[in-house]
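A closer look at the structure
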Protein chains: 2
Amino acid sequence: MTETAPRPTLEAVAARAGVSRATVSRVVNGGDGVRGPLVERVRRAVEELGYVPNQAARSLVTKRHDAVAVVVAEPETRVFADPFFALQLRGISKELTAHDSQLVLLLTEGRADHARVGRYLAGGHVDGALVFSLHLDDPLPELVQRAGVPTVFGGRPGWGEGTRSAVYVDSDNRGGARDAVRHLVGLGRRRIAHITGALDQTSAVDRLDGFRDVMVDAAPGLIAEGDFTPAGGERAMGELLERCPDLDAVFAANDLTASGALRVLRAQGRRVPEDVAVIGFDDMLPVAEQTDPPLTTVRQDIEEMGRLMARLLLRGLRGRGGEPGVGGTPSSVVLPTTLVRRASA
Amino acid sequence: MTETAPRPTLEAVAARAGVSRATVSRVVNGGDGVRGPLVERVRRAVEELGYVPNQAARSLVTKRHDAVAVVVAEPETRVFADPFFALQLRGISKELTAHDSQLVLLLTEGRADHARVGRYLAGGHVDGALVFSLHLDDPLPELVQRAGVPTVFGGRPGWGEGTRSAVYVDSDNRGGARDAVRHLVGLGRRRIAHITGALDQTSAVDRLDGFRDVMVDAAPGLIAEGDFTPAGGERAMGELLERCPDLDAVFAANDLTASGALRVLRAQGRRVPEDVAVIGFDDMLPVAEQTDPPLTTVRQDIEEMGRLMARLLLRGLRGRGGEPGVGGTPSSVVLPTTLVRRASA
DNA sequence: GTGAAAGCGCTAACAT
DNA sequence: ATGTTAGCGCTTTCAC
């Protein structure tokens, strides 16, 4: 804990450079209509004084904040079960940094927090918001809509009232699931089971839909509900084995689920992939590479999703106020997935 | 993406309530020297207009920001390997929220980012900073020191120049390690090995020191260097087994390392805990509970560490400016650890 | 191309 | 107890 020194103002720089505040301001903001030598003089003064613009004063007049809120409803997601969250954040952070925007993190855990977040967003402290709302009945999308803050969602939001027009970034969960199941089919497997994710999240629903796209006539017994956790995977795998002892493949909604399933299969003496082929989703390295055997899985580029969310938001921000439509109102993006073959299928 | 409406100002509220701006300001900030009925009238006006104070305008005059920066040097830490990061953030977030402070997240990946962070902190955008700097030679502590921002570190920082007086929150890594090894000794084990963490982080060094405290005469061959990852754990375990085939216990620097070690032990046909007892550190539930067998480990309360960091910082912030010493200059805190017994030792 | 001046919305003396 | 007023540090017309 150290004492904070008084910082130089525009005024000080102007005095030192022998120009007016206006000129300094111009230089600091790109130095457009200022002649070369003057720019140089001002730059030097800025340097010597260690001048840094006061963001509060600036925001007061520009009404911009160069800050974006990232809202994560965390008890509801698997945020702490795998590095998903951290990876998205990294992508977001990189993109925001490149545009000199700050990342304000808002973690929520319940209704009380929702009110707080709503107030904050409505309070106009940030230029926009990036919201992770993977729950079907999440109040967040509506709330954000009401706050009137430009927003991009991470993952397709559930269908609330005003959510139809929401801009979001998502992986092609359905297509990825189809690829996975087709791969299993190509391997000659016929009794293919699916362990779903938490079905109140669109990603889980979409992956299930993808499974059904390929296995149109799958026996209902071949589908067991999981929750994206290893424990859920274990439980579901147990059920599956009991109901359909003759299954020869499993598509798990994510890698964590798959890891749980693998454990149960091994415990029951089934060989993977000889007896049962297993395929996951995510390609979370720390998980997929460490299972026994290493996991074949559907890879999604999580960091890129984060980066894209930020990019979309910033582009939208630029589009407003200026000539409308120059930035253009961004529309949602669905990123492709790729199958990563390892040993389990 | 929606349009943002013009927000009402203090002035508007004052007009509506038939009072002066000053009075509204007082009410909004707690309403101390204002009489009941007036407070009521102003409150109503605020309500009706949906007034929210403009933080930029406020900061401009108060020089406070109600915001704290959280700086994470992420390529350098195991941030993405386990939920450490997310848990600390959660603790921090909770505490900041309780004090109406915002969390500005700064992720860094290299020297260029350091400069940026330095500028941001020096720019006086936040009231203080929470810095995770677990690297021995990390430039961050010095940089923060120079920026003159009140700071609390997560984990004991390496000894740089001005780091002596740094305030930090850490777990009792050394004590926890001692407990772990003593537990092993209590189990009757005599050939106890240690797989270290990345030794450029103080936590790894401290745990190694704890190991040595108990195993004063341990053969050098019983210590292998890891890096806090499962892969590192595997490699180190392999070396250990080669050098000292007769070892009967392993203390791993963290749970991830232990999980790698377990895999190698199993692959080589050693039974755990019968032949070799294994103990980890962290008690990362998703890891420790899912290993086979479940991991005995040293628990540290990560979320509490985060919370404490924030609390310390805020307390320090309160102490400055007012009567000096009322908040008091906070000093570092080392949190106790507890041994959690599962099946592996 | 450059400077002078008018605020942005708020708080904190100071007056009353 | 309440109102008046002077800025906080910056951007941005508007003159020159």
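As a starting point, this report considers the structure included with it.

Conventions and cut-offs
Every chain is numbered on its own, with residues counted from 1 as its sequence reads. The lettering of chains begins at A and the numbering of ligands begins at 1, in the order of writing. The model is predicted, so local features are restricted to residues of pLDDT at least 70 and side-chain atom pairs to those at 80 or more, both for listing and for counting; the totals for chains, interfaces and linings are taken over all residues. Excluding hydrogens and water, the side-chain figures rest on all heavy atoms present in the structure. In this scheme Phe, Tyr and Trp rings, the latter by its six-membered ring, pair at centre separations within 6.5 Å, and the angle between planes marks the pair as stacked below 30 degrees, edge-to-face above 60, and tilted otherwise. Helical segments are the DSSP runs of H or I of at least four residues, strand segments are the runs of E of at least two, and each set is numbered from the N terminus. A simple rule labels every residue: compare its accessible area, found with a 1.4 Å probe on the protein chains alone, to the largest value its type can have, and call it buried under 20%, exposed over 50%, or partly exposed in between. Only lysine NZ and arginine CZ atoms are considered, and such an atom sits over a ring when it is within 6 Å of the ring centre and within 35 degrees of the ring normal. Any residue with at least one heavy atom within 4 Å of a molecule or strand is counted as near it. Two N or O atoms count as a polar contact when they lie within 3.5 Å, although within protein this holds only if one can serve as hydrogen donor and the other as acceptor, and sequence-adjacent residues are included solely when both atoms are side-chain atoms. Just so you know the grouping, Ala, Val, Leu, Ile, Met, Phe, Trp, Tyr, Cys and Pro go in nonpolar, Asp, Glu, Lys and Arg go in charged, and all remaining residues, Gly too, go in polar. Alignment of the copies relies on least squares applied to C-alpha atoms, considering only residues that score at least 70 for pLDDT in both. Pairs of residues are marked as contacts when any of their non-hydrogen atoms sit within 4.5 Å. Pairing between strands is defined by DSSP: at least two bridges between the two strands are required. In this analysis, axes come from line fits to C-alpha atoms, helices being fitted only over the stretch in contact, and the angle between any two N-to-C directions falls in the range 0 to 180 degrees.

For the coordinates displayed, the defined rule picks out 2 aromatic pairs over all chains. Each ring, one from phenylalanine 251 of chain A and one from phenylalanine 281 of chain A, has its centre 6.4 Å from the other, and the planes form 50°; the classification is tilted. Here phenylalanine 281 of chain A lies in strand 9 (residues 277-282) and phenylalanine 251 of chain A lies in strand 8 (residues 249-252), a separation of 30 residues in the sequence. Owing to a relative accessible area of 0%, phenylalanine 281 of chain A belongs among the buried residues under this scheme. Above the ring of phenylalanine 281 of chain B, the side-chain terminus of arginine 207 of chain B is found at 3.8 Å from the ring centroid.

Thr23 and Arg26 of chain A together with Leu10, Arg21 and Tyr51 of chain B are the nearest of the 28 residues found near DNA strand C. Counting only atoms of DNA strand C within 4 Å of the protein, the fraction found in sugar and phosphate groups is 64%. With respect to DNA strand C, the side chain of arginine 26 of chain A contributes an N or O atom lying 2.6 Å from a base oxygen. For DNA strand C, a phosphate oxygen lies 3.4 Å from a polar atom in the side chain of lysine 63 of chain A. The set of elements that each furnish at least two residues to the surface near DNA strand C consists of helix 2 (21-28) and helix 4 (55-62) of chain A together with helix 2 (21-28) and helix 4 (55-62) of chain B. Tallying contributions element by element places helix 4 of chain B first for the surface near DNA strand C, with 5 residues. Here the residues of the surface near DNA strand C are counted per class, giving 13 nonpolar, 8 polar and 7 charged.

Moving on, we get to the relation of the copies chain A and chain B. The transform that puts chain A on chain B rotates by 180° and translates by 0.1 Å along the axis, for an RMSD of 0.2 Å. Here the copies are linked by what is in effect a two-fold axis. Of all interface residues in chain A, 100% are interface residues in chain B too; the two copies therefore contact each other through one and the same surface.

Residue and element names in this part refer to chain B. Sheet architecture is open: 6 strands sit in the order 7-6-8-9-10-12, paired in mixed fashion. A strand with exactly one partner marks an edge of an open sheet, and here the two such strands are strand 7 (223-224) and strand 12 (338-340). Across 3 bridges, the pairing between strand 8 (residues 249-252) and strand 9 (residues 277-282) is parallel. Residue pairing across strands places valine 250 opposite valine 278, the latter belonging to strand 9. Running at roughly 165° to strand 9, helix 8 (residues 173-186) makes contact with strand 6 (192-195), strand 8, strand 9, strand 10 (296-299) and strand 12 of the sheet. Contacting strand 6, strand 8, strand 9 and strand 10, helix 11 (residues 255-267) crosses the sheet at an angle of about 160° to strand 9.

Read from one edge of the open sheet, 12 strands run 11(A)-5(A)-4(A)-3(A)-1(A)-2(A)-2(B)-1(B)-3(B)-4(B)-5(B)-11(B), paired in mixed fashion. Across the chains shown, the open sheet's two edge strands, defined by having one partner strand only, are strand 11 (333-335) of chain A together with strand 11 (333-335) of chain B. Pairwise comparison of adjacent strand axes, ignoring direction, gives a mean angle of 20° for this sheet. The pairing of strand 4 (residues 151-154) of chain B with strand 5 (residues 167-171) of chain B spans 3 bridges and is parallel. When the bridges of strand 5 of chain B are listed, valine 152 of chain B appears paired with valine 167 of chain B.

Any functional reading would require information beyond the geometric quantities listed.
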